[in-house]
Amino acid sequence: AARSVHTLRVDTHLFRVTRRLGLTSHEGTLTGTVRDAIVSAMLGYGPDLAPAHLLFLLLGRDTCIAGTPRCSHCFASQICPSAQETSSAPAEGHA
């Protein structure tokens, strides 16, 4: 019988979005070791998470962009640690 293997394709969007959502913890660049740790952490939530890759991809392309994310437009902002940090930080030019 064929064995089912669950995995995720880790791209820059998954790398960034999972860290900002607090689902994975990593710093630096996307190395093979970091990629393997992200896959392991994400699949630790269950194999059904693998199909959610498209959601992370779209979120990373449109809302949770590199640089300054658009947290105020994100459906996950209420549960996102990064959005909470962004909303509690003083605006530039204001003390």
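Note that the structure is predicted; figures quoted are calculated from it, not measured. (Residues numbered from 1 in each chain as written. Predicted model: local features only at pLDDT ≥ 70, side-chain atom pairs only at ≥ 80, totals over all residues. Heavy atoms only, no water.)

### Some remarks on the overall build of the chain
Here is step 1 of the chain: What the chain contains, in helices and strands, is four helices and zero strands.
Here is step 2 of the chain: Sequence-ordered secondary structure for the chain, helices as α and strands as β, is α-α-α-α.
Here is step 3 of the chain: A buried classification covers 38% of the 95 residues belonging to the chain.
Here is step 4 of the chain: In the chain, the share of contacts with a sequence separation of at least 24, taken over all contacts with a separation of at least 6, comes to 54%.
Here is step 5 of the chain: Total accessible area on the chain is roughly 6,400 Å²; 56% of this is exposed by carbon and sulfur atoms. (Helix = DSSP H or I, 4+ residues; strand = E, 2+ residues; numbered from the N terminus. Buried < 20%, exposed > 50% of the residue type's maximum accessible area, 1.4 Å probe, protein only. Contact = heavy atoms within 4.5 Å. Areas by Shrake-Rupley, 256 points an atom, 1.4 Å probe, with all protein chains shown as cover.)

### Observations regarding the packing of helix H1 (residues 12-20) against helix H2 (residues 32-43)
Here is step 1 of the chain: Direction vectors running N to C along H1 and H2 enclose 55°, while the axes themselves pass 11 Å from each other. Between H1 and H2, the crossing angle belongs to the class labelled oblique. In terms of crossing hand, the pair formed by H1 and H2 is left-handed. Touching Leu-14, Phe-15 and Thr-18 of H1 are Val-34, Ile-38 and Met-42, all from H2.
Here is step 2 of the chain: The residue makeup of the contact of H1 with H2, split by class, is five nonpolar, one polar and no charged. (Axes fitted to C-alpha atoms, helices over the stretch in contact; angles between N-to-C directions. Parallel < 35°, antiparallel > 145°, perpendicular 65-115°, else oblique. Left-handed = near helix turned anticlockwise from the far one by under 90°. Nonpolar A, V, L, I, M, F, W, Y, C, P; charged D, E, K, R; others polar.)

Worth remembering: the numbers are spatial, not functional.
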